[in-house]
Amino acid sequence: MFSFLLSFIASALLTLLVIKESRLHGSALDAVAGVQKVHAHRVARIGGLSIFLAVALSSAISIWRVPTMGSWLAALLLCSAVAFAGGIVEDYTGRVSPARRLLLTMAAAALGFFLLDARIDRIDWPFAVLTLGYWWFTLPLTVLAVSGIANAINIIDGFNGLASVVCICMLLSLGYVALQVNDTFVLVAALMVAGATAGFLIWNYPVGLIFLGDGGAYFIGFMLGELALLLVMRNPEVSTWYAALLLIYPAFETLFSVYRRMFVRGKSPAIPDGIHLHSLIFRRVVQWAVGRKEARALVRRNSLTSPYLWLFSLSAVIPATLFWNNTTVLIACCLVFMASYIWIYVRIVRFKAPRWMIRHKKP
């Protein structure tokens, strides 16, 4: 818990400093207009900077306290810095294309492959284990998986507290399972990132005084993907489907969005739109706040959207945490989650959201 508390305090103080000094980085203020913009005032979008610095500080202290983890934490931080760099530069300049940011996260995953031996070398099945023994196959598969998760976290970062709380829950799950299998490195790293994200969250939710930004989303997403991969591959008793179920909400959201944009709408998957699941819930489910264009009502609707997705994400995180070594149950839960996602999405698109999701306006 020392790592969590240290990261939390450092991140909370650094985030407050960023907010107070936002006038010094006007270029990093988020615009109000845009297909995915749901806020009424300009907000600093470099919350990822305080999270990264808090994790770096916690890592340095952890290395000082436990020197045996030094090489692991240093290598992990180096790899994550590559993914973070593209996002934070985009937050400041707005000139780093999605393709370049993706290439940087892929480069970070490739570094992790060689420096941390973070690679997908097996896939568990109920009655067998499929071993992947060729580096020319495992390298691109690993790079695709880790960079995909980093990009997926950026995609779900659409409302105050949405991506932050989802990631905190996933990181705490990683810490819990790491504790069960005595993987100290993954435990400490997961708690550090969770604490730093929680320190940022108190300023981001509910009123959105600062945003995560691309830098924060790519950094946390990369850490999630890398730590999940390391936990599973370093500990054969943890099913590979634990990582799949744990990360299924952002991963499936991304895959479904690519399918929807390319094959349903005939557009490039890189072009942003406003019909992600969280966007539909904001527009068609959260109906009871008064004044669609009034600033206070907009902030209220923004903050009321995230809890729906928190609960939806927990429907995968909780069974993943409980059945982390049961491949059959984990596969079944993955199938149920994907079916539930599609059912809810289709119902909302057709203006038939399930009644339990709708909160009507108060008289």
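For clarity, every value in this text was computed on a predicted model and none was experimentally measured.

Reading guide: rules and limits
Residues numbered from 1 in each chain as written. Predicted model: local features only at pLDDT ≥ 70, side-chain atom pairs only at ≥ 80, totals over all residues. Heavy atoms only, no water. Helix = DSSP H or I, 4+ residues; strand = E, 2+ residues; numbered from the N terminus. Buried < 20%, exposed > 50% of the residue type's maximum accessible area, 1.4 Å probe, protein only. Contact = heavy atoms within 4.5 Å. Areas by Shrake-Rupley, 256 points an atom, 1.4 Å probe, with all protein chains shown as cover. 1 Å grid on protein atoms, 1.4 Å probe; cavity = no way out; pocket = protein on both sides within 12 Å on 5 of 7 lines; lining within 4 Å. Points joined across faces, edges and corners; volume = space filled by probe spheres on them. Nonpolar A, V, L, I, M, F, W, Y, C, P; charged D, E, K, R; others polar. Phe/Tyr/Trp six-rings, centres within 6.5 Å; stacked < 30°, edge-to-face > 60°. Lys NZ or Arg CZ within 6 Å of the ring centre and 35° of its normal. Core = buried A, V, L, I, M, F, W, Y, C linked by side-chain atoms within 4.5 Å. Axes fitted to C-alpha atoms, helices over the stretch in contact; angles between N-to-C directions. Left-handed = near helix turned anticlockwise from the far one by under 90°. Pairing = 2+ DSSP bridges. Salt bridge = Lys/Arg side-chain N within 4 Å of Asp/Glu carboxyl O. Expected span 1.5 Å × (residues − 1). Patch = residues over 30% accessible without salt bridge, like charges linked within 9 Å, V, L, I, M, F, W, Y side chains within 5 Å.

Asker: Explain the overall build of the protein here, please?
Answerer: Summing up its helical and strand segments, the protein has 13 helices and 4 strands in all. Burial analysis of the protein (363 residues in total) assigns 54% to the buried set. Residue pairs at least 24 apart in sequence account for 74% of intrachain contacts in the protein once pairs closer than 6 positions are excluded. Entry remark: accessible area of the protein is about 16400 Å², with carbon and sulfur atoms responsible for 69%.

Asker: Help me out: how do you make sense of empty space enclosed by the protein in this one?
Answerer: One simple way to see leftover space: roll a probe sized like a water molecule over the atoms. For the structure on display, the rule yields 2 cavities of 30 Å³ or more. Quantified by volume, the second largest cavity comes out at close to 40 Å³. Surrounding the second largest cavity, Val 55, Ser 59, Leu 73, Leu 76, Leu 77, Ala 189, Met 192, Val 193 and Met 223 form its lining. Going through the elements one at a time, α2 (47–65), α3 (70–93) and α7 (184–204) are the ones with two or more residues in the lining of the second largest cavity. Within the lining of the second largest cavity, the residues separate by chemical class into 8 nonpolar, 1 polar and no charged.

Asker: What should I look at first to understand the environment of Leu 280 in this one?
Answerer: Mapped onto the secondary structure, Leu 280 falls in helix α11 (residues 277–284). Look at Leu 280 and you get buried, because its relative accessible area is 4%. Taking C-alpha positions, Leu 280 is 7.0 Å from Ile 348, a pair spaced 68 residues apart along the chain.

Asker: In this structure, what is going on with the packing of aromatic side chains? I would like to understand it.
Answerer: How two aromatic rings sit relative to each other is set out by the distance from centre to centre and by the angle between their planes. As enumerated under the stated definition, the model contains 18 aromatic pairs in all. Ring centres 6.5 Å apart and planes at 75° place the aromatic pair Trp 136 and Phe 137 in the edge-to-face group. Residue classification places Phe 137 among the partly exposed residues on the basis of a relative accessible area of 39%. Between Arg 65 and the ring centre of Phe 2, over which it is positioned, the NZ or CZ distance is 4.3 Å. Seen from the ring of Phe 113, Arg 119 lies directly overhead, with NZ or CZ sitting 3.9 Å from the centre.

Asker: Just to check I follow, could you spell out the nonpolar core for this structure?
Answerer: Buried together is how nonpolar side chains tend to be arranged in soluble globular proteins. Counting residues in hydrophobic clusters, the biggest one holds 107 residues, and the most contacted among them are Leu 174, Leu 224, Tyr 242 and Leu 277. Setting aside chain neighbours within four positions, we find Leu 174 in contact with Ala 190, Leu 224, Leu 227, Ala 228, Leu 231, Tyr 242 and Leu 246.

Asker: Is there a simple way to explain the packing of α2 against α7 in this structure?
Answerer: The description of two helices packed together rests on the angle between their axes and the distance between the axes. The contact between α2 and α7 brings their axes to 9 Å, and the two run at 145°. Crossing of α2 against α7: the hand is right-handed. Seen from α2, the contacting residues are Gly 47, Ile 51, Ala 54, Val 55, Ser 58, Ser 59 and Ser 62; seen from α7, they are Val 188, Met 192, Val 193, Ala 196, Thr 197 and Phe 200.

Asker: Where do I start with the pairing of strand β4 (residues 128–131) in this structure?
Answerer: A regular strand places its side chains so that they alternate between the two faces of the sheet. Taken together, the 4 bridges between strand β3 (residues 122–125) and β4 define a ladder with antiparallel strand orientation. Within β4, the position partnered with Arg 122 by the bridge is Thr 131. Remark: 2 residues form the turn of the hairpin made by β3 and β4, two consecutive strands paired antiparallel.

Asker: Please clarify how the pattern of salt bridges should be interpreted in this entry.
Answerer: With the rule as written, the count across this model stands at 4 salt bridges. With its nearest N and O atoms 2.7 Å apart, the salt bridge here joins Arg 119 to Asp 117. Here Asp 124 and Arg 122 are joined by a salt bridge, their closest N and O atoms 3.1 Å apart. The same class applies to Asp 124 and to Arg 122, which are both buried.

Asker: Looking at this structure, how should I read α7?
Answerer: Think of an α-helix as turning once every 3.6 residues; residues three or four places apart then point the same way. With 21 residues, α7 extends 30 Å from end C-alpha to end C-alpha; this agrees with the ideal 30 Å at 1.5 Å per step. Most of α7 sits inside the fold, with 18 of its 21 residues counted as buried.

Asker: Sorry if this is basic, but what is going on with a nonpolar patch on the surface here?
Answerer: Nonpolar side chains collect at one region of the surface, where Tyr 134, Trp 135, Trp 136 and Phe 137 lie side by side and expose about 550 Å² of accessible area between them. Structurally, the position occupied by Trp 135 is in helix α5 (residues 135–156). Its relative accessible area of 54% is what places Trp 135 among the exposed residues.

Asker: Is there a simple way to explain the environment of Ala 228 in this structure?
Answerer: Tracing the sequence through the fold places Ala 228 in helix α8 (residues 213–234). Taking the relative accessible area as the measure of exposure, Ala 228 reaches 1% and is therefore buried. It is 9.3 Å that separates the C-alpha atoms of Ala 228 and Ala 190, two residues lying 38 residues apart in sequence. If sequence neighbours within four positions are ignored, Ala 228 has contacts with Leu 174, Ala 243 and Leu 247.

Asker: Sorry if this is basic, but what is going on with unusual backbone geometry here?
Answerer: In terms of backbone geometry, most residues other than glycine have negative phi values and most peptide bonds are trans. In the segment running from Tyr 205 into Pro 206, the intervening peptide bond is cis, with an omega of 10°. Phi at Asp 117 takes a positive value of approximately 60°, unusual for a residue other than glycine. For Asp 117, the position within the fold is in the loop between α4 (98–115) and β3. Residue Asp 117 is classed as partly exposed on the basis of its relative accessible area of 47%. Phi is positive for Asn 182, close to 60°, though the residue is something other than glycine. With respect to the secondary-structure elements, Asn 182 resides in the loop between α6 (162–180) and α7.

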